[in-house]
Amino acid sequence: MDKQLLYRYFSNQCSIEEIEQVLNWFQTKKGREYIENHLDSGMQRYAEEENLLFYPDVPTEKMLTAINQRKRAPLRVKRRNPWIIKSVVAVLICGILVGINYFMPDAGVGDNEEPVIEYRTISTQNDQNRLVTLSEGTRIRLNSNSSIIIPEFFSPNERKIVLNGEAWFDVTEDKDRPLSIQANRANIQVLGTEFNVKVDTVSRNVQVAVAEGKVSLNNESNANGTEAILTQNTFAVFDLDTDEILIEHSPVENYMSWISGRLYFYNEPLWVVSRYLERLYDTEFIFDQEYIKDLPLSTDMDNQELTKVLDIISKTLNIGYLYEEDTVSWTTNINQ
């Protein structure tokens, strides 16, 4: 097994395919030997990294009970062997982080005491994406220059995180504890769904694109006031200055193009395509002739620099464009 792959696994930086590869390896003879002989020292080394998402306050006996209940075959652990117990617990924690539906207990808290919840910030830099899996199974993929603030463990009554920038969410369903996302002044609540959220500080809005399920969107400071209910293939823009919410019903794949790396348009009028591009690239589009707005575009291209996207569209529709000072003018002059 590649040591770098194991490092990424315990740092929660693996792709889905890599996670499956590691978990399958843990079932082999060599993988089990690694768990028994090397993982304890490895955990100490990995735990020094701030990216590690292990939770230390996990009761061993309850974890081992959960393992036995979930595995098809009985789990055989030598008695009174804390080395192996620690290793198995560590493997289970990793499994939890990739989707096992097991909720973390409030460790070390008495019946009449409120748990002290610590928070941590996870962020990305330029040209960096990052996949984060929360303790209850929710997956969050952060776009570049973005961050989330998450608790060490969720309270029994709520799940709440704070987002800056852009992220895609695949939320584990919990009807008793909807996930609440604070994105600037916008508040988003969900039960279980897939959607994308972008906090655009330049355009002063919060954009929500729902791929599956249902999402509630309202003002964070007025959570009990008017709300917008967003369903599959719904895109909404929350204006941070006026609190107005604009809702559109259309395919939302292109609002997640930073994940797929592709832009898809099928027989879409150019004004609709331009509206997508405005939001993706924070650029204004204008037309020097009205008929240009309705030119239909069908294309499948890489999500790349705006000028390259404009070149492809102009050649496909046999029109020109002028790009200057964050404004694109579609023109009939193909030489521009």
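Residues numbered from 1 in each chain as written. Predicted model: local features only at pLDDT ≥ 70, side-chain atom pairs only at ≥ 80, totals over all residues. Heavy atoms only, no water.

Draft legend 1. Spotlight on the confidence of the model for the protein. Across the protein, the average pLDDT comes to 76, with 70% of residues at 70 or higher. Mean pLDDT across the elements of the protein ranges from a minimum in helix H6 (residues 82-97), with 44, to a maximum in strand E6 (residues 166-170), with 95. For the stretch residues 40-64, pLDDT sits under 50, and the model shows 55 contacts to residues farther than four places along the chain or on other chains. (pLDDT = per-residue confidence, 0-100. Helix = DSSP H or I, 4+ residues; strand = E, 2+ residues; numbered from the N terminus. Contact = heavy atoms within 4.5 Å.)

Draft legend 2. Broad picture of the environment of proline 156. Along the chain, proline 156 turns up in the loop between strand E4 (147-151) and strand E5 (159-164). Under the relative-accessibility criterion, proline 156 is labelled exposed at 51%. As for proline 156 and arginine 177, which are separated by 21 residues in sequence, their C-alpha atoms are 7.7 Å apart. (Buried < 20%, exposed > 50% of the residue type's maximum accessible area, 1.4 Å probe, protein only.)

Draft legend 3. Structural view of the environment of aspartate 282. Mapped onto the secondary structure, aspartate 282 falls in the loop between helix H8 (270-281) and strand E16 (284-287). Separated by 45 residues in the primary sequence, aspartate 282 and threonine 327 have C-alpha atoms spaced 9.3 Å apart. Not counting chain neighbours up to four residues away, the residues in contact with aspartate 282 comprise Lys198, Asp200, Ser203 and Leu277.

Draft legend 4. Fine view of the pattern of salt bridges. The full count for this structure, using the stated rule, is 10 salt bridges. Note that arginine 139 is salt-bridged to aspartate 170, the shortest N-O span being 2.9 Å. Taken together, the positions of arginine 139 in strand E3 (residues 139-142) and aspartate 170 in strand E6 put the pair 31 residues apart, joining distant regions of the chain. Classification of arginine 139 as partly exposed rests on a relative accessible area of 22%. Salt-bridge contacts for arginine 185 lead to aspartate 243; the nearest nitrogen and oxygen are separated by 2.9 Å. Remark: aspartate 243 occurs in the loop between strand E13 (234-239) and strand E14 (245-249) and arginine 185 occurs in the loop between strand E7 (179-183) and strand E8 (186-190); sequence separation between them is 58 residues. Exposure remark for arginine 185: the relative accessible area of 30% places this residue in the partly exposed category. What you see here is one network of salt bridges that share partners, running through Glu248, Arg275 and Arg279. (Salt bridge = Lys/Arg side-chain N within 4 Å of Asp/Glu carboxyl O.)

Draft legend 5. Layout of the sheet that holds strand E9 (residues 194-200). As summarised here, the arrangement of the seven strands in space is E2-E3-E6-E9-E10-E13-E14, forming an open sheet in which the pairing is antiparallel. Unpaired on one side and paired on the other, strand E2 (130-133) and E14 mark the two borders of the sheet. Taken over all neighbouring pairs, the strand axes of this sheet differ in orientation by 15° on average, direction set aside. Pairing of E2 with E3, which is carried by four bridges, proceeds in the antiparallel orientation. (Pairing = 2+ DSSP bridges. Axes fitted to C-alpha atoms, helices over the stretch in contact; angles between N-to-C directions.)

Draft legend 6. Local environment of helix H9 (residues 306-317). Across its 12 residues, H9 extends 16 Å between first and last C-alpha, which sits within 8% of the 16 Å expected from 1.5 Å per residue. Buried residues along H9 sit against strand E15 (262-269), H8, E16, strand E17 (296-302), strand E18 (320-324) and strand E19 (327-331). Downstream of H9 by one or two residues, asparagine 318 has phi in the positive range, about 60°. (Expected span 1.5 Å × (residues − 1).)

Draft legend 7. Examining the packing of aromatic side chains more closely. Using the criterion set out here, one finds six aromatic pairs in the structure. Considering the side-chain rings of phenylalanine 235 and tyrosine 255, the 3.8 Å spacing of their centres and the 10° angle between planes classify their relative orientation as stacked. Residue phenylalanine 235 is found in strand E13, and its partner tyrosine 255 is found in the loop between E14 and helix H7 (257-260); the two are separated by 20 residues along the sequence. Across the pair, tyrosine 255 and phenylalanine 235 agree in class, each one buried. Relative to tyrosine 276, the ring of tyrosine 255 lies with its centre 4.9 Å away and its plane at 40°, an arrangement referred to as tilted. With tyrosine 255 in the loop between E14 and H7 and tyrosine 276 in helix H8, this residue pair connects regions lying 21 residues apart in the sequence. You'll find tyrosine 255 and tyrosine 276 in the same group, each marked buried. Three or more aromatic residues joined by ring pairs make a cluster, and in this case those are Phe235, Tyr255, Phe265 and Tyr276. (Phe/Tyr/Trp six-rings, centres within 6.5 Å; stacked < 30°, edge-to-face > 60°.)

Draft legend 8. Fine view of the nonpolar core. Among the nonpolar cores identified, the biggest contains 32 residues, and Phe169, Ile188, Phe195, Val197, Val206 and Val208 are the most heavily contacted of them. Setting aside chain neighbours within four positions, we find valine 197 in contact with Leu163, Gly165, Glu166, Ala167, Phe169, Ala183, Ile188, Val206, Gln207 and Val208. (Core = buried A, V, L, I, M, F, W, Y, C linked by side-chain atoms within 4.5 Å.)

Draft legend 9. Quick peek at the side chain of aspartate 200. Here aspartate 200 lies in strand E9. Despite its burial, aspartate 200 remains without a salt bridge, the nearest opposite charge being carried by lysine 198 at 4.3 Å. Polar side-chain contacts of aspartate 200 include one of 2.9 Å to the backbone nitrogen of serine 203. With near-sequence residues (within four places) excluded, aspartate 200 lies in contact with Asn205, Gln207 and Asp282. (Lys, Arg positive; Asp, Glu negative; His and termini not counted. Polar contact = N/O pair within 3.5 Å; in protein donor to acceptor, adjacent residues only side chain to side chain.)

Draft legend 10. The arrangement of the pairing of E14 in detail. Where E13 lies against E14, five bridges are found, and the strand directions are antiparallel. Paired with phenylalanine 235 across the strands is glutamate 248, a residue of E14. In this antiparallel pair of consecutive strands, E13 and E14, the connection spans five residues, and aspartate 243 shows a positive phi of 65°.

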